[in-house]
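Below, each chain spelled out in residue letters.
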Amino acid sequence: MASPPALKPLVAVGQVTSTPDKELNFAACAGLVREAARRGACLVFLPEGFDYIGADPAQTLSLAEGLDGDLMGRYAELARDCGLWLSLGGFHERGQDWPTTRRIYNCHVLLDPAGRLAAAYRKTHLCDVELEGRVTMKESSFTNPGAEIVAPVSTPAGKLGLCVCYDLRFPEISLALRRAGAEILTYPSAFTVPTGSAHWEVLLRARAIESQCYVVAAAQTGKNHERRTSYGHALVVDPWGAVVAQCREGPGLCYAEIDLDYLHRIRREIPVHSHRRPDLYGTVAAAGPAP
């Protein structure tokens, strides 16, 4: 008698409304993590700014902690208690250079089920944008850019490549992670309403299609403080580019099974990775006279 098919790993993707109140934020996030654990998720994704979203740069800097601080210790304990992996995207990190720079890092932290730090990726592309009359952001005014892309990490759901929010606009990082073996790309985010309504889903689907990876995007939603509202729409895209899970309005979770057999079938059927021409993708030479 044939044995039943193996269960596919289940991941949970969080959508929250962080404020400057770190205690309320932790309570909300911990509640979602425990709910996901009861559902059998092996990996929970929380968005950029899961720890807090400050009302201004001064408050943002004042609330930041190191990776060895109290808040990350509480998340490590939560991972141990629930026995699952935590993708904590966009932690406001006071790095070792804080005493001299007084600037922070936007750090995507991955914890294993023992609460150990499995990886820490510091956001390399900082969000400096100005949409006249709508959105002004200058992340580089108080944040240091990260210096490297972190190798994908093996998890029960697959090999996980770490990014943060604005990195979504740069296909170079998704393709670099694919070359390094990634099967899941994650973009924990806090998109604004104007940019999210125009670009969020199409960018996530594009990253999934070009890399032939699952793409997981936890998100901030709703009114974070008097001067900021986030777009929400946390979702999961499969390697074919289909949206397979998406959060409704407001805080909550969506769930998706990760089917690596399906992923590898797509890669066999359309082997774009082996068709790439890196020998051609350098600087394009200036056009000469027509022959």
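Given the structure is predicted, the values throughout are model-derived calculations rather than measurements. (Residues numbered from 1 in each chain as written. Predicted model: local features only at pLDDT ≥ 70, side-chain atom pairs only at ≥ 80, totals over all residues. Heavy atoms only, no water.)

Engineer: What should I look at first to understand the overall build of the protein in this one?
Structural biologist: For the protein, the count of helices and strands is 8 helices and 16 strands. The C-alpha radius of gyration computed for the protein amounts to 19 Å, which stays within 12% of the reference 19 Å derived for 291 residues, consistent with globular compactness. Expressed along its principal axes, the backbone C-alpha trace of the protein runs to roughly 70 × 60 × 35 Å. By residue count, 51% of the 291 residues in the protein fall in the buried class. Restricting to contacts in the protein with at least 6 residues of sequence separation, those with at least 24 account for 71%. A total accessible area of about 13800 Å² is found for the protein, and carbon and sulfur atoms account for 54% of it. Between the mean site of the 30 positive side-chain charges and the mean site of the 32 negative ones, the protein shows a separation of 3 Å. (Helix = DSSP H or I, 4+ residues; strand = E, 2+ residues; numbered from the N terminus. Rg over C-alpha atoms; globule rule 2.2 N^0.38 Å. Buried < 20%, exposed > 50% of the residue type's maximum accessible area, 1.4 Å probe, protein only. Contact = heavy atoms within 4.5 Å. Areas by Shrake-Rupley, 256 points an atom, 1.4 Å probe, with all protein chains shown as cover. Lys, Arg positive; Asp, Glu negative; His and termini not counted. Charge placed at Lys NZ, Arg CZ, Asp CG, Glu CD.)

Engineer: Is there a simple way to explain the sheet that holds strand S14 (residues 235-237) in this structure?
Structural biologist: Strands belonging to one sheet form pairs held by backbone hydrogen bonds; the direction of such a pair is parallel or antiparallel. Sheet architecture is open: 6 strands sit in the order S8-S9-S10-S11-S14-S15, paired in mixed fashion. With partners counted over all chains shown, the strands left at the sheet margins are strand S8 (153-155) and strand S15 (243-246), one partner each. Put simply, the sheet's adjacent strands are angled 25° from each other on average, direction ignored. As paired elements, strand S10 (residues 184-186) and strand S11 (residues 214-217) share 3 bridges and run parallel to each other. (Pairing = 2+ DSSP bridges. Axes fitted to C-alpha atoms, helices over the stretch in contact; angles between N-to-C directions.)

Engineer: So what exactly am I meant to see when it comes to the packing of aromatic side chains here?
Structural biologist: Between two aromatic rings, the relevant description is the distance of the centres plus the angle of the planes. Overall, the coordinates contain 5 aromatic pairs when judged by the stated rule. Summarising the aromatic geometry, the rings of Phe50 and Tyr75 are spaced 5.2 Å apart at their centres and angled 90° between planes, so their arrangement reads as edge-to-face. Here Tyr75 lies in helix H3 (residues 70-82) and Phe50 lies in the loop between strand S2 (43-46) and helix H2 (57-63), a separation of 25 residues in the sequence. Of the residues examined, Phe50 reaches a relative accessible area of 0% and is grouped as buried. Aromatic ring contacts, followed pair by pair, group Phe26, Phe50, Tyr75 and Phe91 into a single cluster. Here the guanidinium or amino end of Arg122 rests over the ring plane of Tyr105, the centre of that ring lying 5.9 Å away. (Phe/Tyr/Trp six-rings, centres within 6.5 Å; stacked < 30°, edge-to-face > 60°. Lys NZ or Arg CZ within 6 Å of the ring centre and 35° of its normal.)

Engineer: Before we go on, may I ask you to explain helix H1 (residues 22-39) in this structure?
Structural biologist: Because each turn of an α-helix spans 3.6 residues, side chains separated by three or four positions in sequence point in the same direction. With 18 residues, H1 extends 26 Å between its outermost C-alpha atoms, agreeing within 8% with the 26 Å of an ideal straight helix rising 1.5 Å per residue. Close packing links the buried residues of H1 with strand S1 (10-16), S2, H2, H3, strand S3 (85-93) and strand S16 (252-257). Following H1 by one or two positions, Gly40 has its phi on the positive side, about 95°. (Expected span 1.5 Å × (residues − 1).)

Engineer: What is the right way to look at the pairing of strand S7 (residues 135-138) in this model?
Structural biologist: Every regular strand shows the same layout, with side chains that alternate between the two sheet faces. The pairing of strand S6 (residues 128-131) with S7 spans 4 bridges and is antiparallel. In the strand pairing of S7, Leu131 is matched with Val135. Count of turn residues in the S6/S7 antiparallel hairpin: 3 residues, of which Gly133 carries a positive phi of about 80°.

Engineer: I keep staring at the side chain of Thr186 and nothing clicks. Help me out?
Structural biologist: Structurally, the position occupied by Thr186 is in strand S10. Each residue touching Thr186, except ones within four places of it in the same chain, is listed here: Phe45, Ser87, His108, Leu160, Gly161, Leu162, Cys163 and Val216.

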